[in-house]
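Okay, here's what each chain looks like letter by letter:
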Amino acid sequence: MKKGMNWLLLLGVVLLAVVPLLLVQDSEFGGADGAAEEAIKEIAPAYEPWFEPLLEPPGGETESLLFAVQAALGAGVVGYAVGLYKGRLDKHKK
């Protein structure tokens with residue numbers, strides 16, 4: 001039962017990340033990347049970027065969502081590693 005609940009929670013997290021990507025189009029929210037690009041154009045108008053993005057998200061809110069998902073996954077991995085290590089320490093104390 002516990003394993004099924006874990007898979008259900010994982011599916012919920014994935015849906016929360018993917019559904020907004022599919023539903024939200026042409027958003028107007030901009031992040032730090034956009035502000036940096038504007039500052040560079042202001043300082044050096046002739047500057048040309050070295051690389052182009054492989055995949056362009058539909059809007060700034062999508063970029064924020066992807067950043068938040070990345071942060072949540074990283075926090076999950078760190079939390080799992082700390083919990084696993086703590087569990088191993090507790091097991092050896094007994």
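Calculation notes
- Residues numbered from 1 in each chain as written.
- Predicted model: local features only at pLDDT ≥ 70, side-chain atom pairs only at ≥ 80, totals over all residues.
- Heavy atoms only, no water.
- UniProt positions renumbered as here; feature names shortened; annotations may be inferred.
- Helix = DSSP H or I, 4+ residues; strand = E, 2+ residues; numbered from the N terminus.
- Rg over C-alpha atoms; globule rule 2.2 N^0.38 Å.
- Buried < 20%, exposed > 50% of the residue type's maximum accessible area, 1.4 Å probe, protein only.
- Areas by Shrake-Rupley, 256 points an atom, 1.4 Å probe, with all protein chains shown as cover.
- Lys, Arg positive; Asp, Glu negative; His and termini not counted.
- Charge placed at Lys NZ, Arg CZ, Asp CG, Glu CD.
- 1 Å grid on protein atoms, 1.4 Å probe; cavity = no way out; pocket = protein on both sides within 12 Å on 5 of 7 lines; lining within 4 Å.
- Points joined across faces, edges and corners; volume = space filled by probe spheres on them.
- Nonpolar A, V, L, I, M, F, W, Y, C, P; charged D, E, K, R; others polar.

As annotated in an unreviewed UniProt entry, the protein chain is Cobalt transport protein CbiN from Brevibacillus agri. What UniProt states about the protein chain under its Subunit (unreviewed entry) heading is, verbatim, "Forms an energy-coupling factor (ECF) transporter complex composed of an ATP-binding protein (A component, CbiO), a transmembrane protein (T component, CbiQ) and 2 possible substrate-capture proteins (S components, CbiM and CbiN) of unknown stoichimetry." Reading the Function (unreviewed entry) entry of the UniProt record for the protein chain gives the comment "Part of the energy-coupling factor (ECF) transporter complex CbiMNOQ involved in cobalt import."

Draft legend 1. Spatial organisation of the overall build of the protein chain. Counting secondary structure elements, the protein chain contains three helices and zero strands. Traced from its N-terminal end to its C-terminal end, the protein chain shows the element sequence α-α-α. A compact globule built from 94 residues should have a C-alpha radius of gyration of about 12 Å, whereas the protein chain, at 20 Å, is more than 25% larger. Summarising its shape, the C-alpha atoms of the protein chain cover approximately 65 × 30 × 20 Å along the three principal directions. Out of the 94 residues in the protein chain, the part that is buried amounts to 5%. Roughly 8,700 Å² of accessible area belongs to the protein chain as shown, and the carbon and sulfur atoms make up 69% of that amount. Charged side chains of the protein chain number 8 positive and 12 negative; the gap between the two group centres comes to 36 Å.

Draft legend 2. Representation of the layout of surface pockets. Empty space within the second largest pocket amounts to approximately 240 Å³. Forming the walls of the second largest pocket are Leu9, Leu10, Val13, Leu16, Ala17, Ala68, Val69, Ala72 and Leu73. Breaking the lining of the second largest pocket down by element, the ones donating at least two residues are helix 1 (2-23) and helix 3 (60-93). Counted by class, the lining of the second largest pocket contains nine nonpolar, no polar and no charged residues.

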